[in-house]
Amino acid sequence: MKIIVLGAGAWGSALAMSAAQHPAGHAVTLWARDAGQANAMRAARQNARYLPGIDFPPSLCVADGRFASLLPGADLVIVATPMAALRGMLQALIGCAAPVAWLCKGFEAVPAGADSASFGLLAHEVQAQTAPDLIAGVFSGPSFAQEVALGQPTALVAASAHAAVREALVHAFHSPSVRVYANDDIVGVEVGGAVKNVLAIATGLCDGLALGLNARAALVTRGLAEMTRLGLALGARAETFMGLSGLGDLVLTATGDLSRNRRVGMLLAQGQTLAQAVESLGHVAEGVYSARTVVQRARHLGVDMPIAEAAVALLDGQLRPAEAVAQLMGRGPRGEV
(Lines give C-alpha, C1' and ligand atoms only; values in the text may rest on other atoms or scores of the structure.)
Protein backbone atom coordinates (compact mmCIF):
# COMPACT_ATOMS: atom_id res chain seq x y z
CA MET A 1 0.00 0.00 0.00
CA LYS A 2 0.97 3.61 -0.56
CA ILE A 3 0.20 5.43 2.70
CA ILE A 4 0.51 9.18 3.29
CA VAL A 5 0.53 10.50 6.87
CA LEU A 6 -0.16 14.24 7.05
CA GLY A 7 1.22 15.63 10.29
CA ALA A 8 4.47 14.80 12.06
CA GLY A 9 3.51 15.08 15.69
CA ALA A 10 4.01 12.18 18.08
CA TRP A 11 0.99 10.14 17.02
CA GLY A 12 1.34 10.70 13.28
CA SER A 13 5.01 9.82 13.43
CA ALA A 14 4.38 6.71 15.51
CA LEU A 15 1.74 5.38 13.12
CA ALA A 16 3.92 6.13 10.11
CA MET A 17 6.75 4.18 11.75
CA SER A 18 4.41 1.29 12.53
CA ALA A 19 3.07 1.12 8.96
CA ALA A 20 6.59 1.35 7.49
CA GLN A 21 7.58 -1.76 9.45
CA HIS A 22 4.53 -3.74 8.33
CA PRO A 23 5.36 -7.20 6.95
CA ALA A 24 3.50 -6.29 3.74
CA GLY A 25 6.17 -3.70 2.91
CA HIS A 26 4.01 -0.59 2.66
CA ALA A 27 5.41 2.56 1.04
CA VAL A 28 4.91 5.19 3.75
CA THR A 29 5.51 8.94 3.58
CA LEU A 30 5.37 11.17 6.67
CA TRP A 31 4.59 14.77 5.74
CA ALA A 32 5.58 17.67 8.00
CA ARG A 33 4.10 21.15 7.67
CA ASP A 34 7.34 22.75 8.83
CA ALA A 35 10.28 22.37 6.43
CA GLY A 36 12.78 22.81 9.24
CA GLN A 37 11.27 19.93 11.19
CA ALA A 38 11.24 17.77 8.06
CA ASN A 39 14.91 18.49 7.38
CA ALA A 40 15.81 17.68 10.98
CA MET A 41 13.93 14.37 10.81
CA ARG A 42 15.56 13.43 7.53
CA ALA A 43 19.01 14.14 8.97
CA ALA A 44 18.49 12.42 12.33
CA ARG A 45 16.17 9.66 11.02
CA GLN A 46 13.95 10.20 14.04
CA ASN A 47 11.45 12.73 15.37
CA ALA A 48 13.69 14.16 18.06
CA ARG A 49 11.08 16.64 19.24
CA TYR A 50 8.23 14.21 19.92
CA LEU A 51 9.77 10.72 19.97
CA PRO A 52 13.43 11.20 20.87
CA GLY A 53 15.69 8.20 20.67
CA ILE A 54 13.39 6.09 18.49
CA ASP A 55 14.81 5.65 15.00
CA PHE A 56 12.69 5.70 11.86
CA PRO A 57 12.51 2.50 9.82
CA PRO A 58 14.87 2.73 6.83
CA SER A 59 11.96 2.69 4.36
CA LEU A 60 10.05 5.63 5.90
CA CYS A 61 10.15 8.73 3.70
CA VAL A 62 9.83 12.27 5.09
CA ALA A 63 8.31 15.05 2.98
CA ASP A 64 7.34 18.70 3.30
CA GLY A 65 5.99 21.42 1.02
CA ARG A 66 2.69 21.01 -0.85
CA PHE A 67 1.30 17.60 -0.03
CA ALA A 68 -1.03 17.48 -3.04
CA SER A 69 1.81 16.00 -5.08
CA LEU A 70 1.95 13.03 -2.73
CA LEU A 71 -1.69 12.01 -3.17
CA PRO A 72 -1.83 10.50 -6.69
CA GLY A 73 -1.85 6.74 -6.39
CA ALA A 74 -2.29 6.78 -2.60
CA ASP A 75 -4.19 3.87 -1.07
CA LEU A 76 -4.76 5.60 2.29
CA VAL A 77 -4.34 9.14 3.63
CA ILE A 78 -4.02 9.70 7.38
CA VAL A 79 -4.72 13.17 8.79
CA ALA A 80 -2.58 13.38 11.93
CA THR A 81 -3.25 16.96 13.02
CA PRO A 82 -4.92 18.38 16.12
CA MET A 83 -8.69 18.91 15.91
CA ALA A 84 -8.21 22.64 15.30
CA ALA A 85 -6.52 21.94 11.95
CA LEU A 86 -8.89 19.23 10.71
CA ARG A 87 -11.31 21.47 8.81
CA GLY A 88 -8.53 23.05 6.76
CA MET A 89 -6.93 19.70 6.03
CA LEU A 90 -10.21 18.21 4.83
CA GLN A 91 -10.82 21.19 2.59
CA ALA A 92 -7.38 20.65 1.07
CA LEU A 93 -8.24 16.98 0.46
CA ILE A 94 -11.44 17.65 -1.50
CA GLY A 95 -11.29 15.45 -4.58
CA CYS A 96 -8.94 12.89 -3.00
CA ALA A 97 -9.93 9.45 -4.29
CA ALA A 98 -8.19 7.46 -1.57
CA PRO A 99 -9.78 6.56 1.77
CA VAL A 100 -9.04 9.22 4.41
CA ALA A 101 -8.86 8.72 8.18
CA TRP A 102 -8.21 11.26 10.91
CA LEU A 103 -6.53 10.66 14.26
CA CYS A 104 -7.69 13.76 16.15
CA LYS A 105 -10.00 13.40 19.14
CA GLY A 106 -12.43 16.03 20.36
CA PHE A 107 -15.14 18.45 19.34
CA GLU A 108 -14.24 21.37 17.10
CA ALA A 109 -13.95 24.63 19.05
CA VAL A 110 -16.79 27.12 18.79
CA PRO A 111 -15.62 30.29 16.99
CA ALA A 112 -15.10 33.35 19.15
CA GLY A 113 -18.15 35.56 19.19
CA ALA A 114 -20.57 32.76 18.33
CA ASP A 115 -23.97 32.89 19.98
CA SER A 116 -24.58 30.99 23.22
CA ALA A 117 -26.53 28.25 21.43
CA SER A 118 -23.49 27.28 19.32
CA PHE A 119 -21.72 23.99 19.94
CA GLY A 120 -18.69 22.17 18.58
CA LEU A 121 -18.84 19.43 15.98
CA LEU A 122 -17.35 15.97 16.01
CA ALA A 123 -14.80 15.24 13.29
CA HIS A 124 -17.19 13.33 11.04
CA GLU A 125 -19.63 16.25 11.28
CA VAL A 126 -16.87 18.64 10.22
CA GLN A 127 -16.14 16.36 7.27
CA ALA A 128 -19.82 16.26 6.31
CA GLN A 129 -19.79 20.07 6.15
CA THR A 130 -16.49 20.61 4.40
CA ALA A 131 -15.74 17.58 2.21
CA PRO A 132 -18.85 15.36 2.11
CA ASP A 133 -17.66 13.38 -0.91
CA LEU A 134 -14.57 12.03 0.85
CA ILE A 135 -14.65 8.35 1.79
CA ALA A 136 -13.50 8.86 5.36
CA GLY A 137 -13.45 7.73 8.97
CA VAL A 138 -11.53 7.79 12.24
CA PHE A 139 -8.66 5.70 13.62
CA SER A 140 -8.80 5.67 17.41
CA GLY A 141 -8.37 3.64 20.57
CA PRO A 142 -6.12 3.35 23.64
CA SER A 143 -2.66 4.18 22.39
CA PHE A 144 0.36 6.10 23.58
CA ALA A 145 2.50 7.14 20.63
CA GLN A 146 5.76 6.18 22.31
CA GLU A 147 4.65 2.57 22.80
CA VAL A 148 3.40 2.24 19.22
CA ALA A 149 6.69 3.65 17.91
CA LEU A 150 8.57 1.09 19.97
CA GLY A 151 6.46 -1.73 18.54
CA GLN A 152 4.74 -2.61 21.81
CA PRO A 153 1.36 -4.43 21.58
CA THR A 154 -1.57 -2.10 20.85
CA ALA A 155 -5.21 -2.52 19.80
CA LEU A 156 -6.99 0.17 17.78
CA VAL A 157 -10.39 0.81 16.18
CA ALA A 158 -11.04 1.68 12.54
CA ALA A 159 -14.45 3.36 12.47
CA SER A 160 -16.35 4.51 9.41
CA ALA A 161 -19.66 4.14 7.65
CA HIS A 162 -17.62 3.05 4.61
CA ALA A 163 -16.28 -0.49 4.48
CA ALA A 164 -13.47 0.66 2.18
CA VAL A 165 -12.07 2.92 4.91
CA ARG A 166 -12.26 0.24 7.57
CA GLU A 167 -10.62 -2.30 5.29
CA ALA A 168 -7.84 0.10 4.27
CA LEU A 169 -6.97 0.82 7.90
CA VAL A 170 -6.94 -2.87 8.77
CA HIS A 171 -4.67 -3.69 5.81
CA ALA A 172 -2.38 -0.76 6.58
CA PHE A 173 -1.84 -1.26 10.30
CA HIS A 174 -2.93 -4.74 11.44
CA SER A 175 0.39 -6.43 12.22
CA PRO A 176 2.14 -8.57 14.84
CA SER A 177 2.26 -5.54 17.17
CA VAL A 178 -0.97 -3.71 16.26
CA ARG A 179 -4.41 -5.31 16.26
CA VAL A 180 -7.09 -3.34 14.40
CA TYR A 181 -10.81 -3.85 15.00
CA ALA A 182 -13.40 -2.52 12.54
CA ASN A 183 -16.48 -0.64 13.77
CA ASP A 184 -19.21 1.22 11.89
CA ASP A 185 -20.29 3.29 14.94
CA ILE A 186 -18.20 6.36 14.14
CA VAL A 187 -20.27 8.54 16.51
CA GLY A 188 -19.53 6.31 19.49
CA VAL A 189 -15.85 6.00 18.67
CA GLU A 190 -15.46 9.77 18.30
CA VAL A 191 -17.41 10.60 21.46
CA GLY A 192 -15.22 8.20 23.43
CA GLY A 193 -12.07 9.79 22.07
CA ALA A 194 -13.31 13.28 22.84
CA VAL A 195 -14.67 12.81 26.34
CA LYS A 196 -11.91 10.59 27.75
CA ASN A 197 -9.40 13.44 27.51
CA VAL A 198 -11.59 15.67 29.68
CA LEU A 199 -12.16 12.91 32.22
CA ALA A 200 -8.42 12.25 32.34
CA ILE A 201 -7.84 15.82 33.52
CA ALA A 202 -10.30 15.24 36.36
CA THR A 203 -8.64 11.94 37.26
CA GLY A 204 -5.21 13.55 37.21
CA LEU A 205 -6.55 16.16 39.62
CA CYS A 206 -7.73 13.35 41.89
CA ASP A 207 -4.31 11.68 41.81
CA GLY A 208 -2.49 14.99 42.25
CA LEU A 209 -4.49 15.66 45.41
CA ALA A 210 -3.66 12.14 46.67
CA LEU A 211 -7.34 11.31 47.13
CA GLY A 212 -6.72 7.60 46.74
CA LEU A 213 -7.56 4.71 44.47
CA ASN A 214 -11.20 4.60 45.56
CA ALA A 215 -11.70 8.13 44.28
CA ARG A 216 -9.92 7.33 41.00
CA ALA A 217 -12.12 4.28 40.43
CA ALA A 218 -15.23 6.34 41.13
CA LEU A 219 -14.21 9.05 38.67
CA VAL A 220 -13.39 6.58 35.90
CA THR A 221 -16.65 4.69 36.38
CA ARG A 222 -18.91 7.72 36.66
CA GLY A 223 -16.98 9.32 33.81
CA LEU A 224 -17.80 6.33 31.63
CA ALA A 225 -21.47 6.88 32.48
CA GLU A 226 -21.19 10.54 31.36
CA MET A 227 -19.47 9.54 28.14
CA THR A 228 -22.15 6.97 27.39
CA ARG A 229 -25.02 9.40 28.08
CA LEU A 230 -23.58 11.92 25.65
CA GLY A 231 -22.92 9.28 23.03
CA LEU A 232 -26.43 7.87 23.20
CA ALA A 233 -27.88 11.37 22.85
CA LEU A 234 -25.84 11.76 19.64
CA GLY A 235 -26.97 8.42 18.22
CA ALA A 236 -24.12 6.10 19.24
CA ARG A 237 -24.53 2.50 20.36
CA ALA A 238 -24.09 1.77 24.07
CA GLU A 239 -21.83 -1.24 23.48
CA THR A 240 -19.23 0.95 21.76
CA PHE A 241 -18.42 2.57 25.10
CA MET A 242 -17.53 -0.80 26.63
CA GLY A 243 -14.93 -1.29 23.90
CA LEU A 244 -11.48 0.01 23.04
CA SER A 245 -12.48 3.56 22.11
CA GLY A 246 -14.65 3.97 25.22
CA LEU A 247 -13.60 2.16 28.37
CA GLY A 248 -10.22 1.17 26.94
CA ASP A 249 -9.13 4.67 25.96
CA LEU A 250 -10.58 6.14 29.17
CA VAL A 251 -8.65 3.76 31.43
CA LEU A 252 -5.41 4.35 29.53
CA THR A 253 -5.66 8.14 29.46
CA ALA A 254 -6.97 8.51 33.00
CA THR A 255 -4.39 6.25 34.66
CA GLY A 256 -1.33 6.03 32.39
CA ASP A 257 1.80 7.93 33.32
CA LEU A 258 2.35 8.90 29.67
CA SER A 259 -1.03 10.69 29.52
CA ARG A 260 -0.66 14.41 28.88
CA ASN A 261 -4.24 15.12 29.94
CA ARG A 262 -3.79 13.31 33.24
CA ARG A 263 -0.56 15.26 33.74
CA VAL A 264 -2.43 18.56 33.31
CA GLY A 265 -4.78 17.62 36.15
CA MET A 266 -1.88 16.61 38.38
CA LEU A 267 -0.03 19.87 37.74
CA LEU A 268 -3.14 21.92 38.50
CA ALA A 269 -3.51 20.00 41.75
CA GLN A 270 0.07 21.00 42.61
CA GLY A 271 -0.83 24.67 42.28
CA GLN A 272 0.37 25.44 38.77
CA THR A 273 -1.70 27.68 36.55
CA LEU A 274 -3.18 26.24 33.39
CA ALA A 275 -0.68 28.20 31.30
CA GLN A 276 2.23 26.81 33.33
CA ALA A 277 0.89 23.26 33.09
CA VAL A 278 0.43 23.41 29.32
CA GLU A 279 3.84 25.00 28.77
CA SER A 280 5.58 22.33 30.81
CA LEU A 281 4.13 19.53 28.66
CA GLY A 282 5.72 20.53 25.36
CA HIS A 283 2.94 18.59 23.57
CA VAL A 284 -0.73 19.21 22.89
CA ALA A 285 -3.13 18.01 25.61
CA GLU A 286 -6.36 17.84 23.61
CA GLY A 287 -8.56 17.77 26.71
CA VAL A 288 -7.58 21.34 27.57
CA TYR A 289 -9.00 22.57 24.27
CA SER A 290 -11.95 20.18 23.92
CA ALA A 291 -13.35 20.33 27.47
CA ARG A 292 -15.47 23.41 26.86
CA THR A 293 -16.83 22.09 23.58
CA VAL A 294 -17.76 18.77 25.19
CA VAL A 295 -19.74 20.61 27.85
CA GLN A 296 -21.32 22.96 25.30
CA ARG A 297 -22.55 20.02 23.23
CA ALA A 298 -23.85 18.25 26.34
CA ARG A 299 -25.74 21.32 27.48
CA HIS A 300 -27.27 21.74 24.04
CA LEU A 301 -28.56 18.17 24.25
CA GLY A 302 -29.63 18.42 27.90
CA VAL A 303 -27.12 15.76 28.97
CA ASP A 304 -25.88 15.85 32.58
CA MET A 305 -22.06 15.70 32.76
CA PRO A 306 -20.98 16.91 36.23
CA ILE A 307 -17.39 15.64 36.02
CA ALA A 308 -16.82 17.38 32.69
CA GLU A 309 -18.51 20.52 34.05
CA ALA A 310 -16.16 20.53 37.05
CA ALA A 311 -13.14 20.04 34.79
CA VAL A 312 -14.14 23.06 32.72
CA ALA A 313 -14.64 25.20 35.83
CA LEU A 314 -11.19 24.12 36.99
CA LEU A 315 -9.55 24.93 33.64
CA ASP A 316 -11.31 28.30 33.50
CA GLY A 317 -10.10 29.19 37.01
CA GLN A 318 -13.63 29.32 38.39
CA LEU A 319 -12.85 26.56 40.90
CA ARG A 320 -9.71 25.66 42.79
CA PRO A 321 -8.73 21.98 42.78
CA ALA A 322 -10.15 21.20 46.23
CA GLU A 323 -13.34 23.10 45.37
CA ALA A 324 -13.84 21.04 42.21
CA VAL A 325 -13.66 17.84 44.24
CA ALA A 326 -16.00 19.25 46.89
CA GLN A 327 -18.49 20.21 44.19
CA LEU A 328 -18.59 16.66 42.86
CA MET A 329 -18.76 14.99 46.27
CA GLY A 330 -21.40 17.44 47.46
CA ARG A 331 -23.97 16.47 44.86
CA GLY A 332 -27.20 14.98 46.15
CA PRO A 333 -27.81 11.22 46.18
CA ARG A 334 -29.19 9.57 43.07
CA GLY A 335 -29.54 6.20 41.43
CA GLU A 336 -26.60 4.71 39.56
CA VAL A 337 -27.66 5.27 35.95
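Some points on the overall build of the protein
Line of reasoning, step 1. Scanning the protein from N- to C-terminus turns up 14 helices and eight strands.
Line of reasoning, step 2. Since a compact globule built from 337 residues should have a radius of gyration of about 20 Å, the 19 Å found for the protein is in line with a globular shape.
Line of reasoning, step 3. Sequence separation of 24 or more characterises 70% of the internal contacts of the protein that already satisfy a separation of 6 or more.
Line of reasoning, step 4. On the protein, roughly 14100 Å² of surface is accessible, and the fraction owed to carbon and sulfur atoms is 55%.
Line of reasoning, step 5. Where the 24 positive side-chain charges of the protein centre and where its 25 negative ones centre are 2 Å apart.

Re the sheet that holds strand β8 (residues 178-183)
Line of reasoning, step 1. Read across the sheet, eight strands follow the order β3-β2-β1-β4-β5-β6-β7-β8 without closing on themselves; strand pairing throughout is mixed. In this open sheet, the two edge strands, each paired with only one partner strand, are β3 (61-63) and β8. Looking at each pair of strands side by side, their axes are set apart by 25° on average, direction ignored.
Line of reasoning, step 2. Both strand β1 (residues 2-6) and strand β4 (residues 76-79) contribute to a ladder of four bridges, which runs parallel. Bridge assignment links Leu-6 to a residue of β4, and that residue is Val-79.
Line of reasoning, step 3. Those strands touched by helix α9 (residues 244-255) are β6 (136-140), β7 (154-159) and β8, and its axis lies near 140° from that of β7.

Some thoughts on the pairing of β4
For a regular strand, side-chain orientation follows a simple rule: the groups alternate between the two sheet faces.
Line of reasoning, step 1. Residues of β4 alternate between two faces, with Leu-76 and Ile-78 on one and Val-77 and Val-79 on the opposite face, all of them buried.
Line of reasoning, step 2. Where β4 meets strand β5 (residues 100-102), three bridges bridge the pair, whose relative direction is parallel. Residue pairing for β5: Val-79 is matched across the bridge by Trp-102.

Digging into the state of the cysteines
Line of reasoning, step 1. In total, this model carries zero disulfides according to the counting rule given.
Line of reasoning, step 2. Unpaired in this structure, Cys-96 has its nearest cysteine sulfur neighbour in Cys-104, at a distance of 16 Å.
Line of reasoning, step 3. Note on Cys-96: relative accessible area 14%, which makes it buried.

Notes on the packing of helix α7 (residues 186-208) against helix α13 (residues 306-315)
Line of reasoning, step 1. Packing of α7 against α13 leaves a shortest axis separation of 9 Å and a crossing angle of 70°. With respect to each other, α7 and α13 are oriented roughly perpendicular. Each of Val-198, Leu-199, Ile-201, Ala-202 and Leu-205 in α7 lies in contact with α13, whose residues at this interface are Ile-307, Ala-308, Ala-311, Leu-314 and Leu-315.
Line of reasoning, step 2. Across the contact of α7 with α13, the residue classes break down as ten nonpolar, no polar and no charged.

A word on the pattern of salt bridges
Line of reasoning, step 1. All told, the structure shown has 13 salt bridges when counted by the stated rule.
Line of reasoning, step 2. Ionic pairing is found between Glu-125 and Arg-297, a salt bridge with its closest N-O pair at 2.9 Å. Of the two residues, Glu-125 sits in helix α4 (residues 123-130) while Arg-297 sits in helix α12 (residues 286-301), which places them 172 residues apart along the sequence. One exposure class covers both Glu-125 and Arg-297, and it is buried.
Line of reasoning, step 3. Where Asp-316 meets Arg-292, a salt bridge forms, and the shortest distance between an N and an O atom there is 2.6 Å. With Asp-316 in the loop between α13 and α14 (321-329) and Arg-292 in helix α12, the pair connects residues that are 24 residues apart, well separated along the chain.
Line of reasoning, step 4. Residue Asp-316 is classed as partly exposed on the basis of its relative accessible area, which comes to 37%.

Reading the values: rules and limits
Residues numbered from 1 in each chain as written. Predicted model: local features only at pLDDT ≥ 70, side-chain atom pairs only at ≥ 80, totals over all residues. Heavy atoms only, no water. Helix = DSSP H or I, 4+ residues; strand = E, 2+ residues; numbered from the N terminus. Rg over C-alpha atoms; globule rule 2.2 N^0.38 Å. Contact = heavy atoms within 4.5 Å. Areas by Shrake-Rupley, 256 points an atom, 1.4 Å probe, with all protein chains shown as cover. Lys, Arg positive; Asp, Glu negative; His and termini not counted. Charge placed at Lys NZ, Arg CZ, Asp CG, Glu CD. Pairing = 2+ DSSP bridges. Axes fitted to C-alpha atoms, helices over the stretch in contact; angles between N-to-C directions. Buried < 20%, exposed > 50% of the residue type's maximum accessible area, 1.4 Å probe, protein only. Disulfide = S-S within 2.5 Å. Parallel < 35°, antiparallel > 145°, perpendicular 65-115°, else oblique. Nonpolar A, V, L, I, M, F, W, Y, C, P; charged D, E, K, R; others polar. Salt bridge = Lys/Arg side-chain N within 4 Å of Asp/Glu carboxyl O.

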